Amino acid sequence: MAKLMVLTLLGLAMTHFKNHQSSYQKRLTAFREVEPVDLPNCNLVKGIETGSEDLEILPNGLALISSACFFSFIIYKGLKYPGIKSFDPDKPGKILLMDLNEEDPEVLELRISGSKFNMSSFNPHGISTFTDEDNTVYLLVVNHPDAKSTVELFKFQKEEKSLLHLKTIRHELLTSLNDIVAVGPEHFYATNDHYFVDPCLRSWEVYLGLSWSYVVYYSPNEVKVVVDGFDFANGINISPDGKYVYISELLAHKIHVYEKHANWTLTSLKSLTLNTLVDNISVDPVTGDLWIGCHPNGMRIFFYDPEHIPGSEVIQIQNILTEEPKVTVVYAENGTVLQGSTVASVYKGKLLIGTVFHKALYCKL
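Rules of the game
- Residues numbered from 1 in each chain as written.
- Predicted model: local features only at pLDDT ≥ 70, side-chain atom pairs only at ≥ 80, totals over all residues.
- Heavy atoms only, no water.
- UniProt positions renumbered as here; feature names shortened; annotations may be inferred.
- 1 Å grid on protein atoms, 1.4 Å probe; cavity = no way out; pocket = protein on both sides within 12 Å on 5 of 7 lines; lining within 4 Å.
- Points joined across faces, edges and corners; volume = space filled by probe spheres on them.
- Helix = DSSP H or I, 4+ residues; strand = E, 2+ residues; numbered from the N terminus.
- Polar contact = N/O pair within 3.5 Å; in protein donor to acceptor, adjacent residues only side chain to side chain.
- Contact = heavy atoms within 4.5 Å.
- Disulfide = S-S within 2.5 Å.
- Buried < 20%, exposed > 50% of the residue type's maximum accessible area, 1.4 Å probe, protein only.
- Pairing = 2+ DSSP bridges.
- Axes fitted to C-alpha atoms, helices over the stretch in contact; angles between N-to-C directions.

Under an unreviewed UniProt entry, the chain has the name Paraoxonase and belongs to Myotis myotis. In its Subunit (unreviewed entry) section, the UniProt record describing the chain reads: "Homotrimer." Taken verbatim from the UniProt record of the chain, the Function (unreviewed entry) comment is "Capable of hydrolyzing lactones and a number of aromatic carboxylic acid esters."

Take a look at the structure:
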């Protein structure tokens, strides 16, 4: 009788496992092949070989780029991130600067100063800027030192081409940070892409599709969860007028639109489902269009195989607040040029595409 019960429980467990395996593959769009969409005037960015996971373009055309050499729970290749491949895992990360006003722009590494900042463990992920009334530019960076999560606050010094480290922000609700959008020098919304911190539990959380990840609002005086229930909360950004917050849910293939209130809470307005894994969100400050770096096949980005490399995809969403937003695949490629696109942003007819662990692409639209 005991043996029969064990066999029954084992059979139920295997059935449950297979059911989740099918769901898991669907969430990762594991069998999707890329249908190419070319842009004619594109070049790889000189000086970026191991990641450009997130980027922010200032109104003057200067692009700040997060470049790292990730760790592993899932592991990206440039960014040392739990579970994603890293081509150069032993070097610390860096913030790069690129002037999009130049005809053939190149990147340079910003020097980082600050007596309390540990450069050797710098592992930048999502970034965001905030410009104060006196035109001081603050850069907020999600950092993963030693597989932990912090937010690093810097002052961008344009003339010196450097960053001055001002502060490291830690909090018990900032445990699995992915992306960030600044709404003040020390005020921001941030996505936690996992609920658990333990690598094993994180893996099961993703595999079982528990949808427990969440978004936090942080200020020096108040820290709170504002939205939860995500299947891997990933990118986050804000509308040019500051009224709406956009959040990408990677494994549900959704872009969510929330109304932002005076007390920093968020109210859901709508969601848009796409046929791809949606990563970072950039917002065109002129048109309000959303530009999204995407992973057409998540299996290939999370489980890197040089024989089956991950492709890249960039989506533009126009009029997202209307009843019929327009979704356009602007660029799609099978990985022979660009592997693992995570972000895309525009400036005066130019498009800059970053990747989690690979190169970056610069296009004239």
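Alright, that's what it looks like, and here's the rest.
Caption draft 1: Representation of the layout of surface pockets in the model. The computed volume of the largest pocket comes to approximately 840 Å³. Forming the walls of the largest pocket are 37 residues, and the residues nearest its centre are E56, I57, N237, V283 and P285. Mapped by element, the contributors of at least two residues to the lining of the largest pocket are β2 (54-57), β9 (124-131), β13 (177-184), β17 (233-238), β21 (277-283) and β25 (341-347). With five residues, β9 is the single largest residue contributor to the lining of the largest pocket. There is about 300 Å³ of room inside the second largest pocket. In terms of lining residues, the second largest pocket is bounded by 19 residues, among which P145, K148, S149, T150 and R170 are the most central.

Caption draft 2: Just the side chain of Q339, in detail. Structurally, Q339 can be placed in the loop between β24 (326-333) and β25. A polar side-chain atom of Q339 sits 2.9 Å from a polar atom in the side chain of Y304.

Caption draft 3: Here's a closer look at the environment of V107. Note that V107 resides in strand β7 (residues 107-109). Considering only alpha carbons, one finds V107 and I65, 42 residues apart in sequence, at a separation of 9.1 Å. Those residues in contact with V107, other than ones at most four positions away along the chain, are V45, K46, G47, I48, I65, L96, L97 and M98.

Caption draft 4: Representation of the state of the cysteines within the structure. All told, the structure shown has one disulfide when counted by the stated rule. Across the disulfide from C42 sits C363; the S-S distance is 2.1 Å. Between C42 and C363, the S-S torsion sits near 110°, and that sign places the bridge as right-handed. Here C42, found in strand β1 (residues 42-44), pairs with C363, found in strand β27 (residues 361-364); they are 321 residues apart in sequence, far enough to count as distant. Judged by its relative accessible area of 0%, C363 falls in the buried class.

Caption draft 5: Broad picture of the sheet that holds β13. If you walk across this open sheet you meet the four strands as β13-β14-β15-β16, and the pairing is antiparallel. The open sheet has two edge strands, β13 and β16 (223-230), and neither has a second partner. Each neighbouring strand pair of the sheet contributes to a mean axis angle of 15°, computed without reference to strand direction. Pairing of strand β14 (residues 187-192) with strand β15 (residues 213-218), which is carried by five bridges, proceeds in the antiparallel orientation. When the sheet's bridge partners are listed, F188 is paired in β15 with Y218.

Caption draft 6: Expanded view of the side chain of E313. In this fold, E313 is placed in strand β23 (residues 312-318). A polar side-chain atom of E313 sits 2.9 Å from a polar atom in the side chain of R32. Non-local contacts of E313, meaning those with residues more than four positions away in its chain, are made with R32, T276, I292, G293, C294, P296, V329, Y331, A332 and S341.

Caption draft 7: The arrangement of helix α2 (residues 199-208) in detail. All buried positions along α2 are accounted for by R202, E205, V206 and Y207. With a side-chain oxygen lying 3.0 Å from the backbone nitrogen of C200, the N-terminal cap of α2 falls on D198. Just downstream of α2 lies G209, where phi reads positive at about 65°.

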